[in-house]
Amino acid sequence: ATSQLIEASDGRKQSYDILRQVEGVSALLTEAELGQRSYILTADPSYLAAYQVASGRIDSHLKALRQLPLDPVQRQRVETLEPIVRNRLATAEAVIEAFRAEGLDGAAKSLVTGQGKELSDGIRAVIGQIENQEDQLLKQRTDIARTDSDNAKRTIVWGTLAALLFAVIAAALLSRNIAGPLQA
């Protein structure tokens, strides 16, 4: 029972780690897109810096995600996610380059293709699949942990009661064995 409780706890930690890394990718991608758009609208280099920082940090989350113990389905999803994220960042970079070369009109021409939106939609879909599976696993693991915890509590209570009963019986036998010879 205790080993199952530990296993369920480890599984929950794993799910939380996966969710944290996936949420990191999603949040940083949103930051990068915001930085890109803000730079194009304002030509303020500080927004470009924000874009570069966010897009640079995405790799660390993808790497951490790859290093986690994933089941084959989740591993395939991560392998699907990575090139889509890289293509999305390359598309954002192309829009920035078009802006630098041709100004707002050049950026608008690059955006009209809809490729960035299509890639972002694909990323959200894959991340949604990863999160849904981990949420389901987390619920299962939490239920198992709760059941195992309840079983462990029952075992402790019944074990304590059995030990007390044994102690009472032993005390009664010892008392009888000591009292018998003294009365004679």
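This section reports on the structure supplied with the text. Everything quoted here is computed from the prediction, not taken from an experiment.

Focus on the nonpolar core
1) Next: Ranked by internal contacts, the top residues of the largest apolar core, which has 31 residues, are Ile18, Ile58, Leu81, Val85, Ile123 and Ile130.
2) Next: Among the secondary structure elements, those contributing two or more residues to this core are α1 (2-42), α2 (45-67), α3 (72-112) and α4 (115-183).
3) Next: Apart from residues no more than four positions distant in its own chain, isoleucine 18 is found in contact with Leu65, Leu68, Pro69, Leu70, Ile130 and Glu134.

Notes on unusual backbone geometry
Trans peptide bonds make up the majority, and among non-glycine residues the majority have a negative phi.
1) Next: Phi is positive for alanine 43, close to 60 degrees, though the residue is something other than glycine.
2) Next: Summarising the element assignment, alanine 43 is placed in the loop between α1 and α2.
3) Next: According to the relative accessible area criterion, alanine 43 is partly exposed, its value standing at 42%.

Description of the pattern of salt bridges
1) Next: Per the counting criterion, the structure on display carries 13 salt bridges.
2) Next: The shortest N-O distance in the salt bridge between aspartate 143 and lysine 139 comes to 3.1 Å. Separated by four residues within a single helix, aspartate 143 and lysine 139 lie in helix α4, roughly one turn from each other.
3) Next: You can call aspartate 143 partly exposed: its relative accessible area is 33%.
4) Next: Residue classification places lysine 139 among the exposed positions, given a relative accessible area of 54%.
5) Next: A network of salt bridges, in which partner residues are shared, links Asp59, Arg66, Glu82 and Arg86.

Some words on α2
1) Next: The terminal C-alpha atoms of α2, which comprises 23 residues, lie 34 Å apart, in line with the 33 Å expected from a rise of 1.5 Å per residue.
2) Next: Along α2, the positions that sit buried rather than exposed are Leu48, Tyr51, Ala54, Ser55, Ile58, His61, Leu62 and Leu65.

Reading the values: the criteria
- Residues numbered from 1 in each chain as written.
- Predicted model: local features only at pLDDT ≥ 70, side-chain atom pairs only at ≥ 80, totals over all residues.
- Heavy atoms only, no water.
- Core = buried A, V, L, I, M, F, W, Y, C linked by side-chain atoms within 4.5 Å.
- Buried < 20%, exposed > 50% of the residue type's maximum accessible area, 1.4 Å probe, protein only.
- Helix = DSSP H or I, 4+ residues; strand = E, 2+ residues; numbered from the N terminus.
- Contact = heavy atoms within 4.5 Å.
- Salt bridge = Lys/Arg side-chain N within 4 Å of Asp/Glu carboxyl O.
- Expected span 1.5 Å × (residues − 1).

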